[in-house]
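# Understanding the architecture of this molecule
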Amino acid sequence: MTSILSKQSLILTTFSLALTRLSYCSVTYSNIPSIANYFGTKGRYEEVNPYLLNNITLVNKSFLIPTSSEGCKPVHVTAIIRHGTRYPTVKNIKRMQRLYDLVINEASNDETWLEEIKSSWKMWYTDDMDGKLVEKGRDDHRYLAVRLSKLFPSLLSEANLRHHRIRFQTSSKHRCVDSIEAFQQGLHKHWGLEEVWYRHEVNDKLMRFFEHCRGFVEAVENNKTALAEVKKFKEGREMGDVRRKMAQQLNVPYERVTPDMVEAAFFLCAYEFAIKSLHTPWCHLFDLNDAKVLEYKNDLKQFWKRGHGHSINSRSSCVLFHDLFNRLELAVQHLRLGQELPEAVTVQVGHGETLLPLLSLLGLYKDPAPPTADNYSQQHGRSFRTSEIVPYAANMLFILYDCRDGPRVQFLLNETPVRFPGLTSETEVPLYSEVRQKYRELLEGCDAQKECEFGIRPQYRGHHGNTEL
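These notes cover the structure that comes with them. (Residues numbered from 1 in each chain as written. Predicted model: local features only at pLDDT ≥ 70, side-chain atom pairs only at ≥ 80, totals over all residues. Heavy atoms only, no water.)

Within the chain, the secondary structure is distributed over 19 helices and 9 strands. Among the 469 residues that make up the chain, the fraction classed as buried is 59%. Long-range contacts, defined as pairs at least 24 residues apart, comprise 79% of the intrachain contacts of the chain with a sequence gap of at least 6. As displayed, the chain has an accessible area near 19,500 Å², and 47% of this comes from carbon and sulfur atoms. (Helix = DSSP H or I, 4+ residues; strand = E, 2+ residues; numbered from the N terminus. Buried < 20%, exposed > 50% of the residue type's maximum accessible area, 1.4 Å probe, protein only. Contact = heavy atoms within 4.5 Å. Areas by Shrake-Rupley, 256 points an atom, 1.4 Å probe, with all protein chains shown as cover.)

What follows is the structure in structure tokens.
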């Protein structure tokens with residue numbers, strides 16, 4: 001993980017980290033689809049961290065970090081991580097099958113890529129795959145564990161692993177359990193431990209809090225009007241243009257190419273690349289403009305279902321928010337008393353649906369105007385892009401430092417430093433007391449049970465008025 005502290009008194013330290021070969025990353029830049037940066041939640045982790053490409057896990061990288069000479073040392077890390085690369089769900093597999101049948105039976109043109117689909121590509125996705133972790137997904141977590149161990153050797157240490165000072169929690173979904181086991185495999189291999197033992201607890205109330213929030217389930221999950229902007233965009237001009245172009249490329253009637261089929265083709269391009277590192281012929285159906293439209297459609301869904309679109313989306317994550325800050329507060333109390341911290345590291349594995357609400361609750365990636373079906377052309381510079389925020393193996397890292405002037409805390413998203421919003425301090429690693437003051441209202445008032453009973457409130461009142469969905 002990279003770590004940055006911009007306080008003037010801190011010095012630039014260069015880590016020369018050994019290069020570690022990846023078993024899965026044989027992709028060269030020339031083989032990467034030009035649209036790979038627009039796959040949203042179906043995107044590879046490497047696209048947000050390009051230094052991981054070309055058969056390496058780490059390159060020589062410079063960091064601004066607190067050093068012992070400056071009176072700072074890392075004392076605790078909490079990592080909240082999305083599961084690794086997975087197979088499609090049954091829902092998307094069925095859509096892919098319908099698209100494949102259409103192409104095989106009805107499509108016709110002289111393009112090489114279409115001939116390749118018809119003669120060589122076989123529909124290999126089956127219903128029993130249903131969102132299961134693939135081997136690439138295991139590698140995502142194994143090598144993330146190695147990178148964290150190299151960055152924080154005193155915390156993700158062999159001793160802390162053996163003495164149970166590294167805590168592991170996960171969602172009950174098999175892709176998450178498999179991911180956290182792979183993370184532990186990475187730690188064991190890094191420390192040269194021949195025997196691998198798994199120790200983790202399943203906690204869906206934390207890692208799948210959205211299922212346990214009645215207000216969210218009733219007002220968003222099961223409420224069709226909550227995603228009205230998504231439906232409108234699917235039926236709008238931009239998606240219509242992509243459908244029309246795809247129908248022309250396949251030489252089939254426009255009505256035969258539904259929005260779901262367009263998305264299925266886009267996902268086939270994404271999954272083939274994420275799982276197999278293949279630049280599949282399905283990618284030829286889309287150019288950059290098409291990919292941006294489809295990314296926007298998916299971002300609309302995530303924004304209104306998991307992000308800032310409705311306040312209950314973010315407020316449903318209060319339980320995870322308090323879990324995080326209770327841990328930091330306990331660590332700070334131990335520091336003040338000169339006692340050893342009970343946990344050096346906490347690793348929690350969940351879903352994109354776990355990370356996005358918490359990021360929104362923290363006030364991150366909130367643009368001046370919400371994305372809607374009607375303002376696509378004004379949203380090209382938006383910060384809410386799931387391709388960059390929550391690809392496979394996306395991670396939120398909270399690092400607590402013990403410094404001479406008091407405890408400091410740093411936030412990294414996908415191994416990149418991110419400033420806590422709204423702080424007057426210019427440093428990217430502010431005093432813990434400043435961060436706690438920033439979120440005091442949430443710490444004192446964000447009660448998960450009350451929030452989930454209250455239901456939905458529009459987040460952007462300037463756009464939607466006081467209408468409640």
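Attention shifts here to the sheet that holds strand E8 (residues 406–413). Taking strand neighbours across the sheet as the criterion, the 7 strands line up as E5-E4-E6-E3-E7-E8-E9 in an open arrangement whose pairing is mixed. Lying at the two open borders of the sheet, with one neighbouring strand each, are strand E5 (201–202) and strand E9 (416–417). Inspection of the sheet shows strand E4 (residues 166–170) paired to E5 by 2 bridges, in the parallel sense. Its bridge partner being in E5, Thr170 is matched across the sheet by Val202. This element, helix H5 (residues 174–190), spans strand E3 (73–82), E4 and strand E6 (345–350) of the sheet and lies at about 160° to E4. (Pairing = 2+ DSSP bridges. Axes fitted to C-alpha atoms, helices over the stretch in contact; angles between N-to-C directions.)

Taken as a whole and judged by the stated rule, the model has 4 disulfides. What pairs with Cys72 in a disulfide is Cys403, and their sulfur atoms sit 2.1 Å apart. Across the disulfide from Cys72 to Cys403, rotation about the S-S bond amounts to roughly 120°, and the bridge is consequently right-handed. Here Cys403 lies in strand E7 (residues 395–403) and Cys72 lies in the loop between strand E2 (61–64) and E3, a separation of 331 residues in the sequence. Here the two residues Cys72 and Cys403 agree in accessibility, since each one is buried. Counting its disulfide-bonded cysteines in sequence order, the chain shows a connectivity of 1-6, 2-8, 3-4, 5-7. (Disulfide = S-S within 2.5 Å.)

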